[in-house]
Amino acid sequence: MITFWVAVLAISMLLYVLLDGFDLGVGVLFGLARNEMQRRVMLSAVSPIWDGNETWLVVTGVILWGAFPVVYATLLSALYLPLLVMLSGLILRGVAFEFRHRAERTRWVWDIAFAGGSLAATFIQGMAVGAIVEGLPVQNGVYAGGDFGWLSPFAVLCGIGLCLGYALLGACWLVKKCEADVRDKAYRLIPYLSLGLLVFLIVVFGYALAEDLRVMGRWLERPYLLIFPAIGIIAAIVLAASVRRRRDGPPFYMVALIFAAAFATLAISFWPYMIPFSITIDDAAAPHSSLAFMFWGEGLFVFPLMLIYAAVNYTVFRGKVRTSTEHY
Amino acid sequence: MDLTALLLSRLQFAFTISFHIIFPSFTIGLAAWLTVLEALHLTTGRPAYRMVFEFWLKIFGVAFGLGVVSGVVMGFQFGTNWSSFASKVGPIQGVLLSYETFTAFFLEASFFGILLFGRPRVPPWFYLFSTAMVALGTTFSAFWIMVNNSWMQVPTGYTVEKGAYAPGDWLAILFNHVVWVRFPHMLLAAYLTGAFCVAATGAWYLLRGEFHAEARIMLRMGLFLAAVLVPTQLFFGHVVGDYVHDDQPVKFAAIEGRWRDEQPASEVLIAWPDETAQTNRYSISIPILGSLIGSMSFTSKEVGLTDFPVQDRPPVAIPFFAFRVMVGCGLLMLFLAWYGSYANVKETIGRNRLLLWAIFFSFPLPFIAILTGWFTAEVGRQPWVVYGMLRTAQAVTPFLTTRAATISLLVFCAVYSFIFAFGTLYIYRLLRTGPVGTLIEPPTAAVPNRPMSVVDHPATPAAPHLTAGR
């Protein structure tokens, strides 16, 4: 039971990162759009699906609360102020989709809200992961870091890194969904974003070595983990090739693969810790009766349905976004 | 434990949940009504139903968005501000919320996208199906929230393990008798909200002499639905009162403003409860009615607040007044729904401008009733977060600082005021503009490449419409 819920949690988190990752990334890039036409195309590429994407964040949250309540309580209360910023960002960008469409003179307000909110939420997510990787100050199972215990150069670095990462994912989504100038612009951005991400990874690696983070030791102990970075490198090569040949489909999947490889590397290198290195999966798990009730209903039957709904949604809105001039 | 951080957290929770509940109450009813309209349009082929559908869909879009973003905050707040509570009740309440997310949110989110943008891409039956799925999702969501909250009101089916609650009997939790009176009470409230908003809009257009066909549909359907639902709601309200009487006697005494045991008990209609003197001032009450309402008897003894230690009593004024406001709104709605429906049948409603104005101004009533109903339920539960088990003061995050709690409360107030101001402005504009625009038909060709469902009013700045195509 515990393993099942760890697996569903991991799948949900990964889906969140990949799916909301690209629409947050489109939000981050939204500030670079030159004109109203480009902004509309960019929004249309994510409007019908962003709500479903963001729901994976809620899924992650409630699986944590139901199946691993201690982790939910500890992480969320420790990251109090960052989460406030993230939620504000998600609120502002979320309402911007509808509000922008309804606004007349104040459209620029929602443009800023969409781009700024996306950027803030992305940065906080990266920073939170950085803080957790570095190790939150936890004593006897209780967070003991104060209002700013999560703040560190490493965490900030991870925040910037995720902004680059989501922006790259977003750019690849735009390549996949759009045509003409938006696609061309996204193509031009991909090399810079990829390069930025590469620099970030090198710096993080160096920092982790220099600071002798505990997670580094675990990587060295488990050389088989190197398969995941290897998958990432292969995906990066295919990405470069398909961008060079201007093939619209593959880049998104390659960046998604890079993200998945990074995610797997992190997750497996912390096993069996949920909050490294203080709370393990077994420490955090809810009683068997909770996990079993979740398993026999939502786990076995509803979870596959959720994936089907999401698939239906993506199938209905497959293909390129086009500008229609039928009415004008 | 820092008292100030506790108080700020309570204020923040009260503020964010009150803000949030406004939108689901509106969209639960609206989603069901959109489904009915779409089904009517498909069966009758009357274009007016489509016009009304498209019009309310735009409003639904804005309100649903506000509900979604303010709902995400709720999912996090249990962990940020109430981490002691979260880790103790997670095995029960976290599981129930996960059921809400799994069964409801994905239905809503996936099919909501199709509702807003999918008309040109899917066949009509599938569009109707999507509308029904969104409505079903909002209803599931309400169900799980009511199961969750009912467990906090009357905890059942639990055991205590290592200082945390563990589920002992899930059937006892799900089939808690309280759930099955409170869930219909909330659902009816949501349908009434939709009904009154729709009827009020119809009344407004008739007063302005515009959109006659659409306005009559809105007025007729809204008022008739309300005429049936309000009495049903009053009945369920009474049944909810029965559970409070039996399971939460101290809350019941606070609502009734009854300080001392009485036999037979009188019913306080209105008064000014004085908590320091433990008595009511300026009280108007009716003898024996209190026993009749509480126990359906002319002679029963009804308990008073002074039977309970002071530290176990809720604040009296808030549940006392909130309850009376809720009931007052209910009675006003009953009058408007019945009189309005009567005038509608008699075909006099179009000439009765006073009645139309009254119906137009009635749209806040269901919202006020829902908010005050929840104030009664939640403030009346104090000082407990899980009734009789876990005190609110023990639920707060132990290391939360006053500084952090102050910042978050201010930020939420600022952000919510901002989006609320613009949200209501946009909804007002949509309502003022009314059901206008060109209808877009579902795809007939294999390659759908049509603009989005309804073209905006020409008064709004026109920009080329976008749609996805292959």
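**A look at the overall build of chain A**
Okay, step 1: For chain A, the count of helices and strands is 13 helices and five strands.
Okay, step 2: At 20 Å, chain A has a C-alpha radius of gyration in line with the 20 Å of a compact globule built from 328 residues.
Okay, step 3: A principal-axis box enclosing the C-alpha atoms of chain A has dimensions of 65 × 40 × 35 Å.

**A few points about the overall build of chain B**
Okay, step 1: Counting its secondary structure elements, chain B contains 13 helices and seven strands.
Okay, step 2: What you see for chain B is a C-alpha radius of gyration of 24 Å, in line with the 23 Å of a compact globule of 470 residues.
Okay, step 3: The principal-axis extent of the C-alpha atoms belonging to chain B is close to 70 × 55 × 40 Å.
Okay, step 4: Counting only residues that meet the buried cut, chain B has 54% of its 470 residues in that class.
Okay, step 5: Put simply, 73% of the contacts in chain B that link residues at least 6 apart link residues at least 24 apart.

**Considerations on the nonpolar core**
Okay, step 1: F68, L168, A171, L174 and V255 of chain A together with A199 and A226 of chain B are the most contacted members of the largest nonpolar core, which totals 258 residues.
Okay, step 2: Ranked by residues supplied to this core, first place goes to helix 3 (residues 83-117) of chain B with 20 residues.
Okay, step 3: Not counting the four nearest positions on each side in its chain, L174 of chain A is found in contact with V26, M42, A45, V182, R183 and A186 of chain A.

**Here we look at the domain arrangement of chain B**
All names here are of chain B.
Okay, step 1: The assigned domain composition of chain B is domain 1 (3-256 + 308-433) and domain 2 (262-302).
Okay, step 2: Domain 1 and domain 2 are separated by 30 Å when their C-alpha centres are compared.
Okay, step 3: The partner domain 2 presents six residues to the six residues of domain 1 that form the contact.
Okay, step 4: In terms of residue count, helix 10 (residues 317-345) provides more of the side of domain 1 that touches domain 2 than any other element does, three residues in total.
Okay, step 5: Within the side of domain 1 that touches domain 2, the residues separate by chemical class into three nonpolar, one polar and two charged.

**A few points about the environment of Y273 of chain A**
All names here are of chain A.
Okay, step 1: Mapped onto the secondary structure, Y273 falls in strand 3 (residues 273-275).
Okay, step 2: Separated by 252 residues in the primary sequence, Y273 and G21 have C-alpha atoms spaced 25 Å apart.
Okay, step 3: Those residues in contact with Y273, other than ones at most four positions away along the chain, are I279 and T280.

**Structural notes on the interface of chain B and chain A**
Okay, step 1: Taken residue by residue, the interface counts 72 residues in chain B and 68 residues in chain A.
Okay, step 2: Per-element tally for the side of chain B that touches chain A: the top contributor is helix 3 of chain B, with 23 residues.
Okay, step 3: Each residue belonging to the side of chain B that touches chain A can be placed in one class, and the counts come to 43 nonpolar, 24 polar and five charged.

**As for the packing of helix 6 (residues 179-208) of chain B against helix 11 (residues 353-360) of chain B**
All names here are of chain B.
Okay, step 1: Running from amino to carboxyl end, helix 6 crosses helix 11 at an angle of 140°, the nearest separation of the two axes being 8 Å. When the interaxial angle is binned, helix 6 and helix 11 end up oblique. The interaxial crossing formed by helix 6 with helix 11 has left-handed handedness. For the pair helix 6 and helix 11, the contacting residues are A199, A200, A203, W204, L206 and L207 in the first and R353, L356, W357, I359 and F360 in the second.
Okay, step 2: Here the contact of helix 6 with helix 11 is built from residues that sort into 10 nonpolar, no polar and one charged.

**Remarks on unusual backbone geometry**
All names here are of chain B.
Okay, step 1: Between Q263 and P264 the backbone carries a cis peptide bond, its omega angle lying at -10°.
Okay, step 2: Residue position: P264 is located in the loop between helix 8 (249-256) and strand 3 (267-274).
Okay, step 3: A cis geometry characterises the amide bond from Q382 onward to P383, with omega recorded as 5°.
Okay, step 4: The topology assignment puts P383 in the loop between helix 12 (364-381) and strand 5 (384-386).
Okay, step 5: Phi at F211 takes a positive value of approximately 45°, unusual for a residue other than glycine.
Okay, step 6: Mapped onto the elements, F211 comes out in the loop between helix 6 and helix 7 (212-247).
Okay, step 7: Backbone geometry at E347 places phi at a positive 60°, although glycine is not the residue there.
Okay, step 8: Its place among the elements puts E347 in the loop between helix 10 and helix 11.
Okay, step 9: Given 8 C-beta atoms within 10 Å, E347 falls into the exposed group.

Each value, and the rule that gives it
Residues numbered from 1 in each chain as written. Chains lettered and ligands numbered in written order. Predicted model: local features only at pLDDT ≥ 70, side-chain atom pairs only at ≥ 80, totals over all residues. Helix = DSSP H or I, 4+ residues; strand = E, 2+ residues; numbered from the N terminus. Rg over C-alpha atoms; globule rule 2.2 N^0.38 Å. Buried ≥ 20, exposed ≤ 12 C-beta atoms within 10 Å, placed from the backbone. Contact = placed C-beta atoms within 7 Å. Core = buried A, V, L, I, M, F, W, Y, C linked by C-beta atoms within 7 Å. Domains from an automatic or database assignment. Nonpolar A, V, L, I, M, F, W, Y, C, P; charged D, E, K, R; others polar. Axes fitted to C-alpha atoms, helices over the stretch in contact; angles between N-to-C directions. Parallel < 35°, antiparallel > 145°, perpendicular 65-115°, else oblique. Left-handed = near helix turned anticlockwise from the far one by under 90°.

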